[in-house]
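One letter stands for each residue in the lines below.
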Amino acid sequence: MNVVILHCHFERGGVTQVVENHVAGIVDADDDVSIWLASGPRQSGLSPAIRDATRQWVVDDFDYDPPGLPAGSAERRAESIGHRLFVRLHQAGCRPDDTVIHWHNHSLGKNTAAPGVIRRLAEDGWRLLLQIHDFAEDQRPENYAALIRASGATDRTRLDRYLYPDVTNVHYATLTHADAGVLGQVGIPGARSHRLPNSVALPPTPSAADSGDSHATGSETERREAALDRVRRCLGLPVSARWCLYPVRGIRRKNVGEFLLLTRWLPPDRYGGLTLRPATPVEARSYQRWRGVAKTLSPRAVFDAAHHPDLDYATNLAASEMIVSTSVAEGFGMAFLEPWLAGRGVVARRIATATDDFLEAGMWFDSLYESIPIPGSVDWLRAVREEAWLAEQAAWRDVPESFRPSQTRPAGDDASDSPAGDAIDFADLLPARQIETLERMSRDAGFETELRSRSAPLVERLTGEFSAEIISRNRSVIESTYSTRRQGERLAGVYQAVLESATGRSEPDRRDTPGGALDAVQRVHPYFPCRTEIPPGDERTVDEPPSPA
């Protein structure tokens, strides 16, 4: 069997790591497989081991779209890219009946010609597996608008058929059951929709010699203390400081403002570290704003915890007592799983699309929270809900009106329309309102006491410990369900099903759901204002919103 794995690039990041895990799993499951990796010119994220196990192709115009592409350009570019890919396939001796083309994130809108290339491959009888990690429909209006322009689609149904072709030799893979359900709602039969969760493994731990710590090979307690000493020294923390970790890149959907709130509720001697800074300008501005806010409103929040030259992820993890996550959206949810392998529990905001699958697999979670309720007057609650609704509208304003998501307006100005309840979830607030709330907590001890009381189970979990039984059970579930070997076995079965598919078109019988993929995605991936916020580009850290009281 031949396997050709395609993505826009293989730079360091989530998809590249998934591809590397897939290659390792395929080789482990079946050594009689030839593997090619095809992308644009950026391939520096591939490890030497994966380079040795595969052959790499660079396909011109296959990376992210260049700026300024004209409307309707996808068809012409798809023909050009498709021709070059066909040449590569035939030169390699690949044939439609012995080759699986495994394409990652074809519909995200990073390369808007990709669906057109896929249509040409499918029409020529090639078997394809389209793996979706992220949806353009999931609060990525810029990507979605680019797909509309490039494809020339005039309505949602045409765009859905461009992005998600219903062809018998085209199968799909998603990371979660929820995302598989989205495909079902746009007409993809269950027999051609597969769930491929990511494999989970810890990165290698440095040796004692490499770390320079004399206790690095001692007991678990000694190793943790040695790692903690290094964290304290490198980050300038007090000698009595304890450590917890938010091991993510601090992009907007990670809900960094809520991380600052949680660090206020940690025990007085515990500090919380956010590991990585973002790279893109808009994300970097948001991150720097939160970093500035933390200096006065959450001084035990430590930024850039993984950027010190003498600190790596393994040491940060070893030093920590627990992992926290305030993210409001995840494609898979690696942060819910990986720490348990290192014996660290996870306190996290529940993301149903991820955590429900983990619970079904047998994980035990008594440390997830649904919301952080913030009380306020009727007028304030009405105002902040209206702001969130307007923010969502603004995020999609550059998308043609008929393509925008269906939205429900919050309670209006009429007194009879007062919002239900006397509080709103912190994550439903605009970032400026989150800062406002942190400011009030800082100056009003009674207000913070009330917030802590309303989130008492969360506060208790942040100050408690995880039982050895829960850690052991979760580690066992992860090792048996999400290992690289299990992933290889699962992937081999999916590839076989793809190869055995008949060729032909089935679109005449396609069931199109009203609202299409856009509304289907938005039903399972709800909107949060932090996701689409455009932070100020100057030195200001906060607007001047009205008072919450």
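That block above? That's the structure.
Criteria and cut-off values
Residues numbered from 1 in each chain as written. Predicted model: local features only at pLDDT ≥ 70, side-chain atom pairs only at ≥ 80, totals over all residues. Heavy atoms only, no water. Helix = DSSP H or I, 4+ residues; strand = E, 2+ residues; numbered from the N terminus. Rg over C-alpha atoms; globule rule 2.2 N^0.38 Å. Buried < 20%, exposed > 50% of the residue type's maximum accessible area, 1.4 Å probe, protein only. Contact = heavy atoms within 4.5 Å. Areas by Shrake-Rupley, 256 points an atom, 1.4 Å probe, with all protein chains shown as cover. Phe/Tyr/Trp six-rings, centres within 6.5 Å; stacked < 30°, edge-to-face > 60°. Lys NZ or Arg CZ within 6 Å of the ring centre and 35° of its normal. Pairing = 2+ DSSP bridges. Axes fitted to C-alpha atoms, helices over the stretch in contact; angles between N-to-C directions. Expected span 1.5 Å × (residues − 1). Parallel < 35°, antiparallel > 145°, perpendicular 65-115°, else oblique. Left-handed = near helix turned anticlockwise from the far one by under 90°. Nonpolar A, V, L, I, M, F, W, Y, C, P; charged D, E, K, R; others polar. Salt bridge = Lys/Arg side-chain N within 4 Å of Asp/Glu carboxyl O. Polar contact = N/O pair within 3.5 Å; in protein donor to acceptor, adjacent residues only side chain to side chain. Right-handed = clockwise from strand over helix to strand, strands pointing away.

A.B. asks: If you had to explain the overall build of the chain to someone new, which residues and values would you point to?
C.D. replies: Of regular secondary structure, the chain possesses 22 helices and 15 strands. Relative to the compact-globule value of 24 Å for 549 residues, the chain shows a C-alpha radius of gyration of 24 Å, a close match. If one aligns the C-alpha atoms of the chain with their principal axes, the spans along those axes are about 70 × 65 × 40 Å. Relative to its 549 residues, the chain shows a buried fraction of 55%. Within the chain, counting contacts between residues at least 6 apart in sequence, those at least 24 apart form 77% of the total. In the structure as shown, the chain presents an accessible area of about 22600 Å², 49% of it carried by carbon and sulfur atoms.

A.B. asks: For the packing of aromatic side chains, give the residues involved together with the corresponding values.
C.D. replies: Tallying each qualifying case throughout the model produces 13 aromatic pairs. Relative to phenylalanine 403, the ring of tyrosine 144 has its centre 6.5 Å away and its plane inclined at 70°; by these criteria the two rings are edge-to-face. Of this pair, tyrosine 144 sits in helix α5 (residues 141–151) while phenylalanine 403 sits in the loop between α15 (378–395) and β15 (423–425), and the two are 259 residues apart along the sequence. By relative accessible area, which is 0% here, tyrosine 144 ends up buried. Between phenylalanine 332 and phenylalanine 358 the ring centres are 5.5 Å apart and the planes differ by 80°, which places this aromatic pair in the edge-to-face class. With phenylalanine 332 in the loop between β11 (322–325) and α13 (338–341) and phenylalanine 358 in helix α14 (residues 352–361), this residue pair connects regions lying 26 residues apart in the sequence. You can call phenylalanine 358 buried: its relative accessible area is 1%. One aromatic cluster in this structure is built from Phe332, Phe336, Trp340, Phe358, Phe365, Phe466 and Tyr482. The ring of tyrosine 64 is capped by arginine 42, whose NZ or CZ atom sits 5.0 Å from the centre of that ring.

A.B. asks: Got a sec to walk through the side chain of asparagine 143? Specific residues and values, please.
C.D. replies: You can see asparagine 143 is positioned in helix α5. Apart from residues no more than four positions distant in its own chain, asparagine 143 is found in contact with Leu108, Gly109, Lys110 and Ala136.

A.B. asks: Go over the sheet that holds strand β1 (residues 2–6) with me, naming the residues and quoting the values.
C.D. replies: If you walk across this open sheet you meet the 7 strands as β3-β2-β1-β4-β5-β6-β7, and the pairing is parallel. The sheet is open, and its two borders are formed by β3 (55–58) and β7 (193–195), each paired with just one other strand. On average, adjacent strands in this sheet sit at an angle of 25° to one another, irrespective of strand direction. Looking at chain direction, β1 and strand β2 (residues 34–39) are connected through 5 bridges and run parallel. Paired with valine 3 across the bridge in β2 is isoleucine 35.

A.B. asks: Talk me through helix α20 (residues 484–499); I want residue IDs and the actual numbers.
C.D. replies: Taking 1.5 Å per residue as the helical rise, α20 with its 16 residues ought to reach 22 Å, and the 22 Å between its terminal C-alpha atoms agrees with that figure. Considered for burial, the residues of α20 that qualify are Gln487, Gly488, Arg490, Leu491, Val494, Tyr495, Val498 and Leu499.

A.B. asks: How would you sum up the environment of leucine 359? Please name residues and give values.
C.D. replies: Looking at where leucine 359 falls in the secondary structure, it is placed in helix α14. A relative accessible area of 37% means that leucine 359 is categorised as partly exposed. With 120 residues separating them in the primary sequence, leucine 359 and valine 239 have C-alpha atoms 38 Å apart.

A.B. asks: Explain the packing of helix α10 (residues 256–264) against helix α16 (residues 431–443) to me, and be specific about the residues and the numbers.
C.D. replies: Between α10 and α16, the shortest axis-to-axis distance is 10 Å and the interhelical angle comes to 15°. The pairing of α10 with α16 is recorded here as roughly parallel in orientation. Here α10 runs over α16; the crossing is left-handed. Taking contact as the criterion, the partners of Gly257, Leu260, Leu261 and Arg264 in α10 are, on α16, Gln434, Leu438, Met441 and Ser442. Among the residues forming the contact of α10 with α16, the class breakdown is 4 nonpolar, 3 polar and 1 charged.

A.B. asks: Tell me about the pattern of salt bridges, and please be specific about residues and values.
C.D. replies: Counted under the stated rule, the structure contains 40 salt bridges. Across the pair arginine 95 and aspartate 98 runs a salt bridge whose closest N-O atoms are separated by 3.2 Å. Since its relative accessible area comes to 45%, arginine 95 is described here as partly exposed. Salt-bridge contacts for arginine 253 lead to glutamate 330; the nearest nitrogen and oxygen are separated by 3.2 Å. Within this pair, whereas arginine 253 is found in the loop between β8 (242–249) and α10, its partner glutamate 330 is found in the loop between β11 and α13, the two being separated by 77 residues in sequence. With relative accessibility at 15%, the residue glutamate 330 sits in the buried group. Each of Glu75, Arg119, Arg120 and Glu123 takes part in one network of salt bridges that share partners.

A.B. asks: Which residues make up the pairing of strand β6 (residues 170–174), and what values go with them?
C.D. replies: Among the 5 residues that make up β6, 5 are buried, leaving the element largely enclosed by the rest of the structure. Side-chain alternation along β6 places Val170, Tyr172 and Thr174 on one buried face and His171 and Ala173 on a second face that is also buried. In terms of strand pairing, strand β5 (residues 127–132) meets β6 through 5 bridges, oriented parallel. For leucine 130, the partnering residue across the bridge sits in β6 and is tyrosine 172.

A.B. asks: Lay out the environment of proline 41 in plain terms, naming residues and giving numbers.
C.D. replies: Along the chain, proline 41 falls in the loop between β2 and α2 (48–53). Not counting residues up to four positions away in its chain, the partners in contact with proline 41 are Val58 and Asp63.

A.B. asks: Lay out the side chain of arginine 270 in plain terms, naming residues and giving numbers.
C.D. replies: Positionally, arginine 270 belongs in strand β9 (residues 270–276). By relative accessible area, which is 1% here, arginine 270 ends up buried. Within the local environment of arginine 270, its side chain forms a polar contact with the backbone oxygen of leucine 462, the two atoms lying 2.8 Å apart. Excluding residues within four positions of it along the chain, arginine 270 makes contact with Arg242, Trp243, Cys244, Arg300, Glu321, Met322, Leu462 and Gly464.

A.B. asks: Describe α10, naming the residues involved and giving the relevant values.
C.D. replies: In terms of burial, α10 is a largely internal element, 9 of the 9 residues being buried. Within the span of α10, buried status applies to Val256, Gly257, Glu258, Phe259, Leu260, Leu261, Leu262, Thr263 and Arg264.

A.B. asks: So what's going on with the pairing of β2? Residues and values would help.
C.D. replies: Counting buried residues along β2, 5 of its 6 residues qualify, which places the element largely inside the surrounding structure. Note that β2 and β3 share 4 bridges and pair parallel. Of the residues in β3, the one forming a bridge with tryptophan 36 is arginine 55. Between the parallel pair β2 and β3, the chain is carried across by α2, and the sense of this crossover is right-handed.

Geometry only, nothing functional implied.
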